[in-house]
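So you can see what is in the structure, the chains are spelled out below.
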Amino acid sequence: MTRQTMAPITEPKNSNSTILSQKLSSVSGKYITIPNIPMCEKHLLQDLDINGGSWVDSMRASSPTHLKSITSLTPSAFPLELPSALDMFKHIINSSKGKQIVMFLDYDGTLSPIVDDPDRAFMSDAMRSTVRRLAKHFPTAIVSGRCRDKVYDFVQLPKLYYAGSHGMDIKSPANKGFKYPKKSQEVVFQPASEFIPMIEKVYKTLSEKTKNILGASVEHNKFCLSVHFRRVDENKWNELAHEVRSVLEEYPELQLAQGRKVFEIRPTIKWDKGKALEFILESLGLANCKDVFPVYIGDDRTDEDAFKVLRDRGQGCGILVSKIARKTNASFYLQEPPEVMSFLQRLVKWRRESLKRRFRL
Ligand SMILES: O=P(O)(O)OC[C@H]1O[C@H](O[C@H]2O[C@H](CO)[C@@H](O)[C@H](O)[C@H]2O)[C@H](O)[C@@H](O)[C@@H]1O
């Protein structure tokens, strides 16, 4: 199944990737258009093991309190034995030698702590100033499930790429600053724009159907929706999942994924945070470059698509933010946002020192 839409441009890396290879081109100075972003297989509640009884287990599994922490596990019990990105900092830096580092940062749970109220997931001033300094040295993108405007309001830094709605809404900075490659282009990219009326309709229906479930909330993320159950009593999860499933059965064009105590509803197009990463590299003129070192830091299941892209490309590294042992395509872990901040600060420090050495300042 294919659709006519705006899309990028990267060479398929494997048979699953059906994005057409096409040179970046500009329409109206800003938009990139190519036909045919394919639809992907629909995932519904049953795909999440949420059918017949086991779906509450799946909802429960998105709660760290039900899982073992990395530190409580012996290495052999933690199959991937991920090393800490802080412990491996020198190794990461050595691997990036002679390459252009490009930073990709998830927002919730990576730059800001997970909190009960999604509207109050503020990042600290210290984290903001760390990201500001980071972006002075490396092209930097925020990649989030939230809608782009909302994540921008939280981050408030103009010289970054922002990829909202799980990568379905990408905008480059107007004024990039000197750290961006000369070849980079200004882009706005929205591959799911035709789904806006449908998302609007489902938002209204789901808000209505869940309004009597105490603590449930539906967040409108423009090209996708988040149904939150962090504040819903566990004995109401069954009812909530039933409502979500009954609505989505009417919309075969929408699929469901699960994040951290949240159902993520999005169009069934083959577009995700991994594709967003590739798109941004392409718009920076770095997609086919061997000397690029993308670093993607994220905590969510949706970030796995980006980790996998890096693993498949054999470039850069994925860093999972988690205190919880889980299967991942990331190469390293950091435990929580404060560790993310330490890692980013070390990166800035290392970069400043190497510039000083180079220019003997
Ligand atoms: O891709 P991200 O930036 O990580 O966004 C994923 C979802 O994050 C938000 O929800 C999560 O964080 C909330 C605030 O800490 C928390 O209350 C919720 O339980 C988490 O799932 C955001 O509200 C969603 O819209 C994003 O899709």
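Residues numbered from 1 in each chain as written. Predicted model: local features only at pLDDT ≥ 70, side-chain atom pairs only at ≥ 80, totals over all residues. Heavy atoms only, no water.

A. Main features of the sheet that holds strand β11 (residues 262-267). The strand order across the open sheet formed by four strands is β8-β9-β11-β10, and the pairing between neighbours is antiparallel. Each of the sheet's edge strands pairs with one partner strand only, and the pair in question is β8 (217-220) and β10 (254-259). Averaged over all neighbouring strand pairs, the angle between strand axes comes to 25°, with direction disregarded. Inspection of the sheet shows strand β9 (residues 225-228) paired to β11 by four bridges, in the antiparallel sense. What sits directly across from S226, in β11, is E264. Taken strand by strand, helix α6 (residues 237-248) contacts β9, β10 and β11, and its axis lies near 5° from that of β11. (Pairing = 2+ DSSP bridges. Helix = DSSP H or I, 4+ residues; strand = E, 2+ residues; numbered from the N terminus. Axes fitted to C-alpha atoms, helices over the stretch in contact; angles between N-to-C directions. Contact = heavy atoms within 4.5 Å.)

B. Broad picture of helix α5 (residues 196-210). Under the 1.5 Å per step criterion, the end-to-end length of α5 is 21 Å for 15 residues, consistent within 8% with the ideal 21 Å. Among all positions of α5, only M198, I199, V202, L206 and T210 are buried. Taken around the axis of α5, the buried residues stretch over an arc of 95°, which confines them to a single face. Counted as exposed and oriented over 90 degrees from the buried face of α5: P197, K201 and K204. Contact partners of the buried residues in α5: β8, β9, α6, β10 and β11. (Expected span 1.5 Å × (residues − 1). Buried < 20%, exposed > 50% of the residue type's maximum accessible area, 1.4 Å probe, protein only. Arc of directions from axis to C-beta.)

C. Here's a closer look at the sheet that holds strand β5 (residues 161-164). The strand order across the open sheet formed by eight strands is β7-β6-β5-β4-β3-β12-β13-β14, and the pairing between neighbours is mixed. Of all the strands in the sheet, the pair left with one neighbour each is β7 (188-189) and β14 (332-334). Across two bridges, strand β6 (residues 169-171) lies against β7 in antiparallel orientation. Of the residues in β7, the one forming a bridge with K171 is V188. In this fold helix α9 (residues 337-359) packs onto β3 (100-106), β12 (292-298), β13 (317-321) and β14, with an angle of close to 160° to the strand it touches most, β3.

D. Representation of the pairing of strand β4 (residues 140-143) within the structure. Of the two faces of β4, the one holding T140 and I142 and the one holding A141 and V143 are both buried throughout. Alignment of β3 against β4, held across four bridges, turns out to be parallel. Pairing of L105 across the sheet is with I142, part of β4. With helix α3 (residues 125-137) bridging β3 and the parallel β4, this β-α-β connection has right-handed handedness. (Right-handed = clockwise from strand over helix to strand, strands pointing away.)

E. Quick look at the pattern of salt bridges. Within this structure, the stated rule accounts for 15 salt bridges. Ionic pairing is found between D106 and K273, a salt bridge with its closest N-O pair at 3.2 Å. Taken together, the residues span a long stretch of sequence, with D106 in strand β3 and K273 in helix α7 (residues 273-283) at a distance of 167 residues. A salt bridge links K273 to D303, with the shortest nitrogen-to-oxygen separation between them at 2.8 Å. (Salt bridge = Lys/Arg side-chain N within 4 Å of Asp/Glu carboxyl O.)

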